[in-house]
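Next come the chains, spelled out residue by residue.
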Amino acid sequence: MVIKISALGSIKGETGVPFLSAVGPRYVGPRCVVKQATVKRCVAALLLVSVASIFYYTHYIISSPLASLIQRDTRPEPAIRCSMMRGATRLPSAPDHRSEARLRTDSKVLVFVETLYSMLGKNIAELLVSNRIKYKLEVAGKSLPVLTNLDKGRYGVLIFENLNKYLQMDKWNRELLDKYCREYSVGIVGFAPSGEESLVGAQLKGFPLFVHTNLRLKDAQLNAASPILRLTRSGETAWGPLPGGDWTIFQANHSTYETLAWAYRDSLDYPANKSPLATVIQDHGRYDGIQRVFFGGGLRFWLHNLLLLDSLSYLSHGQLSLSLNRMILVDVDDIFVGEKGTRLRKNDVMALLATQQRIQALVPGFKFNLGFSGKYFHHGTTEENLGDDMLLENVDKFTWFSHMWNHQQPHLYENVTHLQLDMVLNKQFAKDHGIPTGSGYSVSPHHSGVYPVHEGLYEAWKKVWNIKVTSTEEYPHLRPARLRRGFIHRNIMVLPRQTCGLFTHTIFIDRYPGGRDKLDKSIQGGELFQTIVHNPINIFMTHMSNYGNDRLALYTFESVIKFIQCWTNLRLSSAPPLQLAEKYFQLYPEEADPVWGNPCDDPRHQKIWSRNKTCGQLPGFLVIGPQKTGTTALYTFLSIHPAISSNLPSPDTFEEIQFFNGKNYYKGLDWYMSFFPASKNDSSPNLFEKSATYFDGELVPRRAHALLPKAKLITILLSPARRAYSWYQHTRVHGDLVANNYSFHSVITASDTAPKPLRDLRNRCLNPGKYAQHLERWLSYYPPQQLHIIDGEQLRQNPVETLHELQRFLKITPAFNYSSHLRYDPKKGFFCQVTNEDRTKCLGKSKGRQYPPMEDKSYKLLQRYYLSHNTALVKLLKRLGLRTIPQWLKEDLTDTVMT
Ligand SMILES: Nc1ncnc2c1ncn2[C@@H]1O[C@H](COP(=O)(O)OS(=O)(=O)O)[C@@H](OP(=O)(O)O)[C@H]1O
């Protein structure tokens, strides 16, 4: 039965019988006629019915199952204004910008900005980040940064946010910069700022080039002959006004210039002015030996983003050329989950198949990837259930992935067996309905359990589904989208998902947030289009509801793919998730290693984190070492404190967890937190852990900061020479064969041609003592106020004072009086803990060992070895405001000077 909406807003079937009467407000019209009431009363009653019907329609019908029965004529059709779609051909391949010159510079861009906060500078930086192009920001007008490194240029292209800053540079710097550009064949990009309107062209200082500013323009086009165009495809017109009324155009008076893009005057005053005006112009370098590209507008115009990427590629001689391959996967999540009225009917499934076929012609290998929660199969209206059936009839036309059986969030399962049982139900559903189960891909409802990691999910996925790939928008955070990254955990590859602007509730085009214009802008050069331009691998998440009703997802993806084809030379393709993941980590191998952030720093993450976990289970301060400086004594003395608690011991490494360095990091956050007693509070400033190997671990400061940015850090320093000797003795006692075969002196003097095990031992022995170098690394992540340095000699000789100072740094009140809890034990030769029975309880025999003193020649040699490091340490300590330089440091340095 076709349902029509009557002029008054009530709904009638084909028979003309009011459809609403059974369920809507009482229909009183006919009674009015029967009773022969006055015309006035009749009109009033009819009016009332009409109003009630309109109200009912707008408030109930649209969101009811009936909505799906109503023919909507608002459904958008993909229509891109593109000559190529009308038969114009695509160039077979884009030019290769690579030349030998690219080898003379690093693949990095130097961006001169007006200020660190200026808008265009920010846009440029964002574009570079989105494309993972390395860059350095420099405020123009200050002295130039170092441009070369040995015989290589540090930057492949220079960008001036404001061209005038380049033109008005002081003579000395300008000459230096131009010389660098000529010597290393480095090109310059400059953005002309908007200024006063100048109808008579103003000459660009020093160049045979003139500008007009503050113009309104329309209908942009590209020069098909330009050698710069690589990513960008020419031959089309971006119809309509260009954004902003402050465009600059260029007029050249020399053969060195070639127009890259032009547009037309958009002004009622100039109706007949049809001459193209150059908006982006290339300087081939025939005038002064430097290649440049000048932009007459900022990055507000979408096409300029592409032209800037192409300019970087061209001017860097291919060093900054991006791959032209783009892979696209569209996940259709919850294919059987949805309210009645939002689900797919047969027609929708047919449209899905038809669109898929059309997209396949443009994107080889493309198949919609359907995610299912079996429990909700056949939960729609009769027509929608037929839609479900039709999906299954075409099961092999799509790829499939498993969701949770009941769409439950995995982080809510504390018991992994229950989680597995739910997954088994979904798997059984798949088998019963002929849905393939071997894709190795799954997506978790609301990203739950993927990141922040819920170990149970990874375990259950592996066991039940043999999952190898998943995707999320949450790592490291939802926003900004350009910073989303991938990682690998427990051999499951987690890919970043991209944003497409469609959500579960975007069902009708007229209700699209911001209106249809906004969606079309996103498709036609805006966010969605740029996302595909910037990301070699795109996984978009959509929902079943986006494919019913107005079928917005079909419209969106077909349109954006056509727009990409129209305006770029990108080669689109698709592949199953496992292949995408392998490709992703081939492209970005450095991302494989995760960096665990703190779920409490992000309210979204907290929402999808198990309620059994709290940030109170993370330490407030870390004792970071280095080894053999007295860290165990400090750990033990801190543990006496009634207000301070440490981690639980590890079965392998005793009091140390050693999480941030080495393999334990890959065990994940749940593993780390299992060492800390659960606390109801959200922060435990007096909870700590000490792992002496943290100090010199290359990756440790970055990892520690990502998880514990507010943590305080405590380090103990003593003579690096004596520390190295203590470490050597410790290693011998632990049965290290090399240490037992070689004397200390042989170890520290081992040359680079010595056997590898000996070299390794030498490095492990000596490297931690390069204190300044390691501390600088920590300080590149943590502010100095969070770092407390303990003099190891003071800890040994006067631990009471050391601990009182430490309590002040940690702001622990009331302070605990250590003087009655620590006492010097002459037999041990160290301070020890005082027991309740007034005896001393000292550290075990492995701390404060007896061994012969270090040979003088070794000490002298180490003093020389550490001279530069110790000198740097003095400087660093002074910079940090330390009033007294430790005695051992003075001695290490003085003795060296005397020898
Ligand atoms: N109170 C007290 N008791 C015992 N030992 C003390 C104490 N204070 C400092 N020290 C010094 O600590 C050195 C061991 O350092 P660590 O605990 O950091 O070693 S480890 O890295 O954890 O193995 C240890 O080194 P060795 O003397 O070489 O054994 C001691 O010199």
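What you are looking at is a predicted structure, and each value in this text was computed from that prediction instead of being measured.

A few points about the side chain of Ser 226
Part 1: One can find Ser 226 in the loop between strand E11 (217-222) and strand E12 (237-241).
Part 2: Residue contacts for Ser 226: discarding those within four places in its chain leaves Glu 258, Leu 260 and Gln 282.

Focus: the site of the ligand
Part 1: With respect to spatial proximity, 20 residues lie near the ligand, and among them Thr 631, Thr 632, Ser 726, Gly 848 and Tyr 851 are the closest.
Part 2: One of the backbone nitrogen or oxygen atoms of Gly 848 is found 2.8 Å away from an oxygen atom of the ligand.
Part 3: Within the side chain of Tyr 851, an N or O atom sits 2.5 Å from an oxygen atom of the ligand.
Part 4: Notes on the ligand: free accessible area 640 Å², of which the protein chains cover 94%.

Overview of the environment of Trp 239
Part 1: Inspection of the secondary structure assignment puts Trp 239 in strand E12.
Part 2: In this structure the C-alpha to C-alpha distance between Trp 239 and Lys 218, which are 21 residues apart in sequence, comes to 6.8 Å.
Part 3: Among residues more than four places away in sequence, those in contact with Trp 239 are Arg 81 and Asp 219.

Some points on the environment of His 605
Part 1: Relative to the helices and strands, His 605 is located in helix H15 (residues 603-607).
Part 2: A relative accessible area of 2% means that His 605 is categorised as buried.
Part 3: Linking His 605 and Ser 373, residues 232 residues apart in sequence, is a C-alpha distance of 23 Å.
Part 4: Residue contacts for His 605: discarding those within four places in its chain leaves Tyr 451, Pro 452, Glu 474, Pro 476, His 477 and Pro 599.

With respect to unusual backbone geometry
Part 1: Going from Tyr 451 to Pro 452, the amide bond is cis rather than trans, its omega being 0°.
Part 2: Mapped onto the secondary structure, Pro 452 falls in the loop between helix H9 (416-432) and helix H10 (455-465).
Part 3: Cis rather than trans, the peptide bond between Gly 625 and Pro 626 has omega equal to 5°.
Part 4: Counting through the fold element by element, Pro 626 comes out in the loop between strand E25 (619-625) and helix H16 (631-640).

As for the confidence of the model for the protein
Part 1: Taken over all residues, the pLDDT of the protein has a mean of 90, while the share at 70 or more is 89%.
Part 2: Contacts of residues 1-37 to residues separated by more than four positions or lying in other chains number 45 contacts, the stretch itself having pLDDT below 50.
Part 3: The low-confidence segment residues 56-71 (pLDDT under 50) makes 32 contacts with residues lying over four places distant or belonging to another chain.
Part 4: The ipTM for the predicted assembly is 1.00, set against a pTM of 0.88.

Re the sheet that holds strand E22 (residues 492-496)
Backbone hydrogen bonds are what pair the strands of a sheet, in a parallel or an antiparallel way.
Part 1: In space, the three strands of this open sheet follow the order E20-E22-E21, with mixed pairing throughout. The open sheet is flanked by strand E20 (469-472) and strand E21 (487-489), the only strands paired with a single partner. Sheet twist, expressed as the average angle between the axes of neighbouring strands with direction ignored, equals 30°.
Part 2: Here E20 pairs with E22 via four bridges, running parallel. Paired with Ser 471 across the bridge in E22 is Leu 495.
Part 3: Here H10 sits on the sheet and contacts E20, E21 and E22; the angle it forms with E22, its principal contact strand, is near 115°.
Part 4: In the packing of helix H14 (residues 577-587) onto the sheet, contacts are made with E20, E21 and E22, and the angle to E22 comes to roughly 80°.

Cut-off values and rules
Residues numbered from 1 in each chain as written. Predicted model: local features only at pLDDT ≥ 70, side-chain atom pairs only at ≥ 80, totals over all residues. Heavy atoms only, no water. Helix = DSSP H or I, 4+ residues; strand = E, 2+ residues; numbered from the N terminus. Contact = heavy atoms within 4.5 Å. Near = heavy atom within 4 Å. Polar contact = N/O pair within 3.5 Å; in protein donor to acceptor, adjacent residues only side chain to side chain. Areas by Shrake-Rupley, 256 points an atom, 1.4 Å probe, with all protein chains shown as cover. Buried < 20%, exposed > 50% of the residue type's maximum accessible area, 1.4 Å probe, protein only. pLDDT = per-residue confidence, 0-100. Pairing = 2+ DSSP bridges. Axes fitted to C-alpha atoms, helices over the stretch in contact; angles between N-to-C directions.

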